[in-house]
Amino acid sequence: MVARNYIDTNYNKLNKKHFIKTIKEYATFLFNSEQIKKVSSDSQMIYFDNILDIQFKNWKLFSLGNNNFFEIKRANGVKVNDYDIGTEFPFVTTTYLNNGIIKYADSTDINDLNFKNVITIANNGSVGESFYQNLKFLATNDVTILSIVNYKMSNYLAMFLCTMIKWEKFRFNYGRKWGIYRMKNSFIFLPSKRIKGEDVPDFEYMENFIKSLPYSKYII
């Protein structure tokens with residue numbers, strides 16, 4: 001028995017700095033890959049009086065296996081060595097570096113590609129590392145894809161979700177992979193709102209929260 005598998009996550013240490021780190025790392029990746037021409041600490045939207053400070057009283061645990069909110073599936077897996085270095089499509093693996101991308105490749109088989117505007121999660125290697133993919137991409141079969149149901153994934157929402165997913169990665173390692181079965185039985189702590197008597201993730205709040213933080217102006 002591994003004790004950390006049953007330990008409650010300590011969210012008391014969670015603060016804005018963790019979300020800012022995610023945004024800054026993604027903005028830096030976009031700059032280094034020449035998708036944007038500038039990185040600065042400007043926010044997308046300005047909120048006064050700390051309206052969007054973290055207040056856990058409205059947060060709830062949501063199952064990643066709840067298909068009313070999330071869809072989890074394995075990536076269309078291909079082998080890294082099957083593709084020569086190219087320029088068109090990112091190749092996502094389980095590395096924690098460079099937004100999970102090990103190289104770029106040129107694909108001629110559309111069935112190998114995965115849809116953009118999703119989050120990739122490493123279930124092997126650097127287990128739990130999570131990144132937003134804004135382009136169609138290739139991936140190995142030890143990458144899991146997370147998308148949102150009944151709400152449009154955005155770069156801002158993805159920054160929030162990636163931060164919270166990575167907050168849970170302490171439970172897993174190379175010897176204890178975070179595969180689809182375990183992921184669907186995992187929970188993520190998120191802001192919520194009540195609709196028709198049901199607690200649902202407050203995705204709109206998450207987007208606005210990220211827009212209020214430094215570096216959010218230049219992410220795409």
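Residues numbered from 1 in each chain as written. Predicted model: local features only at pLDDT ≥ 70, side-chain atom pairs only at ≥ 80, totals over all residues. Heavy atoms only, no water.

**As for the pairing of strand β8 (residues 143–148)**
Thinking step 1. In terms of burial, β8 is largely enclosed, as six of its six residues are buried.
Thinking step 2. Burial of the side chains of β8 extends over both faces: Val143, Ile145 and Ser147 are buried on one face and Thr144, Leu146 and Ile148 on the other.
Thinking step 3. Here five bridges tie strand β2 (residues 70–74) to β8, and the two strands are oriented antiparallel to one another. Considered in β8, the bridge of phenylalanine 70 is made with isoleucine 148.
Thinking step 4. Bridge count for strand β5 (residues 118–122) against β8 is four bridges, and the pairing is antiparallel. (Buried < 20%, exposed > 50% of the residue type's maximum accessible area, 1.4 Å probe, protein only. Helix = DSSP H or I, 4+ residues; strand = E, 2+ residues; numbered from the N terminus. Pairing = 2+ DSSP bridges.)

**Digging into the packing of aromatic side chains**
Thinking step 1. A complete count under the given rule lists 16 aromatic pairs for this structure.
Thinking step 2. Taking the centre distance of 5.0 Å and the plane angle of 80 degrees together, the rings of phenylalanine 56 and tryptophan 59 count as edge-to-face.
Thinking step 3. You can call phenylalanine 56 partly exposed: its relative accessible area is 28%.
Thinking step 4. Tryptophan 59 gets classed as buried once you look at its relative accessible area, which sits at 6%. (Phe/Tyr/Trp six-rings, centres within 6.5 Å; stacked < 30°, edge-to-face > 60°.)

**Some remarks on the pairing of strand β6 (residues 130–133)**
Remember that side chains alternate between the two faces of the sheet whenever the strand is regular.
Thinking step 1. In β6, alternate side chains face the same way, and those of Ser130 and Tyr132 on one face and Phe131 and Gln133 on the other are all buried.
Thinking step 2. With four bridges joining them, β5 and β6 adopt antiparallel strand pairing. Across the sheet, residue isoleucine 119 finds its bridge partner in β6, namely tyrosine 132.

**Describing the pattern of salt bridges**
Thinking step 1. By the definition in use, this model includes four salt bridges.
Thinking step 2. Across the pair aspartate 199 and arginine 194 runs a salt bridge, and its minimum N-O distance is 2.8 Å. (Salt bridge = Lys/Arg side-chain N within 4 Å of Asp/Glu carboxyl O.)

**Topic: the sheet that holds strand β9 (residues 187–195)**
Thinking step 1. Spatially, the three strands line up as an open sheet ordered β1-β9-β10, and their pairing is antiparallel. A strand with exactly one partner marks an edge of an open sheet, and here the two such strands are β1 (59–63) and β10 (198–201). Across the sheet, the mean angle separating the axes of adjacent strands is 60 degrees when strand polarity is ignored.
Thinking step 2. Bridge count between β1 and β9: five bridges; the pairing is antiparallel. Following the sheet pairing, tryptophan 59 is matched in β9 by proline 191.
Thinking step 3. Contacting β1 and β9, helix α2 (residues 155–166) crosses the sheet at an angle of about 135 degrees to β9.
Thinking step 4. The sheet strands contacting helix α4 (residues 203–211) are β9 and β10, and the helix crosses β9 at an angle near 115 degrees. (Axes fitted to C-alpha atoms, helices over the stretch in contact; angles between N-to-C directions. Contact = heavy atoms within 4.5 Å.)

**Some points on the side chain of lysine 166**
Thinking step 1. By the element assignment, lysine 166 lies in helix α2.
Thinking step 2. In this structure lysine 166 is buried but unpaired, with glutamate 25 as the nearest side chain of opposite charge at 4.2 Å.
Thinking step 3. Residues in contact with lysine 166, not counting those within four places in the same chain, are Thr22, Glu25, Gly128, Glu129 and Ser130. (Lys, Arg positive; Asp, Glu negative; His and termini not counted.)

**Some points on the packing of α2 against α4**
Thinking step 1. Where α2 meets α4, the closest approach of the two axes is 8 Å, and the angle between their N-to-C directions is 95 degrees. Judged on the interaxial angle alone, α4 and α2 are roughly perpendicular. Two secondary-structure elements touch here, α2 through Tyr156, Leu157, Met159, Phe160 and Leu161 and α4 through Phe203, Met206, Glu207, Phe209, Ile210 and Lys211. (Parallel < 35°, antiparallel > 145°, perpendicular 65-115°, else oblique.)

**Some points on the sheet that holds β6**
Thinking step 1. Strands sit in the order β2-β8-β5-β6 across an open sheet of four strands; the sheet is antiparallel. Every interior strand has two partners, whereas the edge strands, β2 and β6, have only one. Within this sheet the neighbouring strands show an average axis-to-axis angle of 30 degrees, counted without direction.
Thinking step 2. Against the sheet, α2 makes contact with β5, β6 and β8, and its axis sits at roughly 165 degrees relative to β6, the strand it touches most.

**Considerations on the confidence of the model for the chain**
Thinking step 1. On average, residues of the chain score 89 in pLDDT, and 93% of them reach the 70 mark or higher.
Thinking step 2. Mean pLDDT values for the elements of the chain range from 90 in helix α3 (residues 180–184) up to 98 in β6.
Thinking step 3. Scored below 50 in pLDDT, residues 1–7 makes ten contacts in the model with residues more than four places away or belonging to other chains. (pLDDT = per-residue confidence, 0-100.)

**Re helix α1 (residues 16–32)**
Thinking step 1. Given a rise of 1.5 Å per residue, 17 residues ought to cover 24 Å, and the 24 Å separating the end C-alpha atoms of α1 matches this to within 8%.
Thinking step 2. Taken as a whole, α1 has its buried residues at Phe19, Thr22, Ile23, Tyr26, Ala27, Phe29 and Leu30. The arc enclosing the buried residues of α1, seen along the axis, measures out at 155 degrees, which places them on a common side. In α1, the exposed residues that point more than 90 degrees away from the buried face are Lys17, Lys21 and Asn32.
Thinking step 3. Contact partners of the buried residues in α1: β1, β4 (101–105), β6, α2 and α4.
Thinking step 4. For α1, the capping residue at the N-terminal end is asparagine 15, with a side-chain oxygen 2.9 Å from the backbone nitrogen of lysine 17.
Thinking step 5. Positive backbone phi, at 65 degrees, marks glutamate 34, one or two positions downstream of α1. (Expected span 1.5 Å × (residues − 1). Arc of directions from axis to C-beta. Polar contact = N/O pair within 3.5 Å; in protein donor to acceptor, adjacent residues only side chain to side chain.)

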